[in-house]
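Okay, here's what each chain looks like letter by letter:
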Amino acid sequence: MQRPQQLRELFSAFAPRVISGSISHYGGLRQSAETFCEIAPASSAELADVIGTAHRHGVPVRIRGQGHGLNGASLPGAHELLLRTERLGDVRFEAEGTVTAGAGAVLWDVRNVVERHGFTVPVVNDGHAGPSVAGFVAAGGFGPGSRLHGGFWENVAAVTLVDGAGQLRRVDRDDALFPWLFGAMGQLGIVAEATLELIPLDSADPPPYPMGAGATRELIAASPELKGPGPDESERDEQLLWFTLFTPGKRLAVAQARLAALEASHAGLLDYRRRYVYPIRQRRPVPPLIYPRDEPFFAIGSWGALSLSPGAAADPLRAYAEELTRHAVELGCRRYIQSEATWDVDAYRACFGDETYEALRNLKAQQDPARILNRGAVFDP
Ligand SMILES: Cc1cc2nc3c(=O)[nH]c(=O)nc-3n(C[C@H](O)[C@H](O)[C@H](O)COP(=O)(O)OP(=O)(O)OC[C@H]3O[C@@H](n4cnc5c(N)ncnc54)[C@H](O)[C@@H]3O)c2cc1C
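Residues numbered from 1 in each chain as written. Predicted model: local features only at pLDDT ≥ 70, side-chain atom pairs only at ≥ 80, totals over all residues. Heavy atoms only, no water.

Two residues of an α-helix separated by three or four positions point the same way, owing to the 3.6 residues in each turn. The first and last C-alpha atoms of helix α12 (residues 354–367) sit 20 Å apart over 14 residues, in line with the 20 Å expected at 1.5 Å per residue. Within α12 the residues assigned to the buried category are T356, Y357, L360, L363, K364 and Q367. One side of α12 carries all its buried residues, which in axial view fall inside an arc of 125 degrees. Set apart from the buried face of α12 by more than 90 degrees, the exposed residues are D354, E355 and Q366. Elements that come into contact with the buried residues of α12 comprise β8 (156–162), β9 (168–172), α6 (178–181), β17 (334–335) and α11 (345–352). (Helix = DSSP H or I, 4+ residues; strand = E, 2+ residues; numbered from the N terminus. Expected span 1.5 Å × (residues − 1). Buried < 20%, exposed > 50% of the residue type's maximum accessible area, 1.4 Å probe, protein only. Arc of directions from axis to C-beta. Contact = heavy atoms within 4.5 Å.)

Turning our attention to the sheet that holds β9. By way of backbone hydrogen bonds, the strands of a sheet pair with one another, either parallel or antiparallel. Pairing within the open sheet is antiparallel, and its 6 strands lie in the order β9-β8-β10-β6-β5-β12. Each edge of the open sheet carries a strand with a single partner, namely β9 and β12 (214–215). Here strand β5 (residues 91–92) runs beside strand β6 (residues 98–102); their pairing, made up of 2 bridges, is antiparallel. From the neighbouring strand, R92 faces β6, where its bridge partner is T100. Running over the sheet, helix α2 (residues 44–57) touches β8, β9 and β10 (190–197) and is turned about 150 degrees from β10. Across the sheet, helix α3 (residues 107–115) lies against β5, β6, β10 and β12, angled at about 140 degrees from β6, the strand it touches most. (Pairing = 2+ DSSP bridges. Axes fitted to C-alpha atoms, helices over the stretch in contact; angles between N-to-C directions.)

We now examine the sheet that holds strand β3 (residues 61–64). If you trace the 4 strands from one edge of the open sheet to the other, you get β1-β2-β4-β3, paired in mixed fashion. The strands lining the two open edges of the sheet, one partner per strand, are β1 (17–20) and β3. Each strand of the sheet is rotated relative to its neighbour by a mean of 35 degrees, with strand direction disregarded. Contacts from α2 reach β2 (35–39), β3 and β4 (81–84) within the one sheet, and its direction differs from that of β4 by about 165 degrees.

Glancing now at the environment of H266. Position of H266 relative to the elements: it lies in the loop between α9 (252–265) and β14 (270–272). A sequence separation of 130 residues divides H266 from F136, and the C-alpha atoms of the two residues are 29 Å apart. Aside from chain neighbours lying at most four places away, what touches H266 is Y272, P316, A319, Y320 and E323.

A separate point is the site of the ligand. Not every one of the 33 residues close to the ligand is listed here, only the nearest: I63, H68, S132, F142 and Y336. G69 has a polar backbone atom sitting 2.7 Å from an oxygen atom of the ligand. V191 places a main-chain nitrogen or oxygen 2.8 Å from a nitrogen atom of the ligand. Calculation on the ligand without its partners gives an accessible area of 960 Å², and the protein chains cover 96% of this total. Here the element with the most residues in the shell around the ligand is helix α4 (residues 133–139); it accounts for 5 residues. Among the residues forming the shell around the ligand, the class breakdown is 15 nonpolar, 16 polar and 2 charged. (Near = heavy atom within 4 Å. Polar contact = N/O pair within 3.5 Å; in protein donor to acceptor, adjacent residues only side chain to side chain. Areas by Shrake-Rupley, 256 points an atom, 1.4 Å probe, with all protein chains shown as cover. Nonpolar A, V, L, I, M, F, W, Y, C, P; charged D, E, K, R; others polar.)

Moving on to the domain arrangement of the protein. In terms of domain boundaries, the protein breaks down into domain 1 (4–84), domain 2 (91–222) and domain 3 (233–367). Across the contact, 15 residues belong to domain 1 and 18 residues belong to domain 2. Between domain 1 and domain 2 lies a buried interface of about 1200 Å² when both sides are counted; carbon and sulfur atoms form 73% of it. Sorting the residues of domain 1 by area buried against domain 2 places S44, I63 and Q66 first, and these three jointly supply 35% of that buried surface. Remark: the boundary between domain 1 and domain 2 carries 0 salt bridges. Our count for the contact surface shared by domain 1 and domain 2 stands at 1 residue pair in polar contact (both at pLDDT 80 or more). When residues of the side of domain 1 that touches domain 2 are traced back to their parent elements, those giving at least two are α2 and β3. Partitioned by chemical class, the residues of the side of domain 1 that touches domain 2 number 8 nonpolar, 7 polar and no charged. (Domains from an automatic or database assignment. Buried area = accessible area lost by both parts, 1.4 Å probe. Salt bridge = Lys/Arg side-chain N within 4 Å of Asp/Glu carboxyl O.)

Listed below in structure tokens is the structure:
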């Protein structure tokens, strides 16, 4: 195990930085190590070189997009290299009907870029600009557009991936690995880019495809009209948390009742708001880490602002999360465990089921043979 200063020397070719002072994630429930080493590669090739070096030296790597996941899986330990994707943020129009975006591009910003050309990205997260493109893949991804267009997975044509040995390759939709990348939380490789399908804003009068156009990350950062809005004033002072169940339509009522009962028995935990319901259309196979059957389903959730301090909330939140996992298993549905407060790897096994969990473990052995990627999240370290 190497200390941050040793990692800085080992990765000196990639402009590493030793950071003092812990970082957190949206919701602030957990913290990283006080000191860690980080790198932000500027290209897919550089990303592949960094991971190849980490693989040869057995250095554990932690991957971080925008830090919007609530389960702490993007927080580095002291002996881990933090891989930030923020410089992988360019957006390109290079194949008819699609846009290719760097891993670290904020999904809402990508949508703003393509809307300038008369197209849109049909599925983005609800709320405000936050998750990166690759973070959305790593979680799975759904939003208001899922009613018509399905989950994010239905709207991605290909992913460029760097595996745990530093090999860069394109994974197309018809590749057997493709569905496993959605909801895999970086266990099977680091997403460098994703090619997203576009729809015209006006289907009656579709615009010409803007081959060769696009935007760099610097341009997006410097253009207020391309940046999506952040949380509004009231949200900025609150710690909002979510708990989602993916449930078939025939169990929607019973799932609602279970969430209502959970809220009643954890009344002081969150300042609960009206529960959300998003229908998710299904046209293609559903990623096995998201939902167990190829059928349309609903994302329903309980949410609100945390009423306790993060320290005081830890035990009650854990109890809430464990109860929710039990309900999900009993109802044959899933939690959105990839992006929400989770405490230990047993919850992943319980949610995925033994067969899917073991299949993911086998894929990981192929994709990340030295097990350097996001250790301790999903599987025991
Ligand atoms: C305000 C808010 C609203 C949200 N709304 C929705 C919503 O409507 N629908 C929805 O589906 N989700 C929603 N989410 C959840 C969010 O989409 C996920 O948590 C997503 O993973 C966050 O992306 P990120 O870039 O912040 O990733 P991070 O939090 O930085 O990382 C999350 C996970 O992804 C991994 N990861 C990050 N980048 C990569 C990469 N390049 N390659 C491989 N793995 C990577 C990390 O290691 C970690 O395991 C919301 C979250 C917030 C805070």
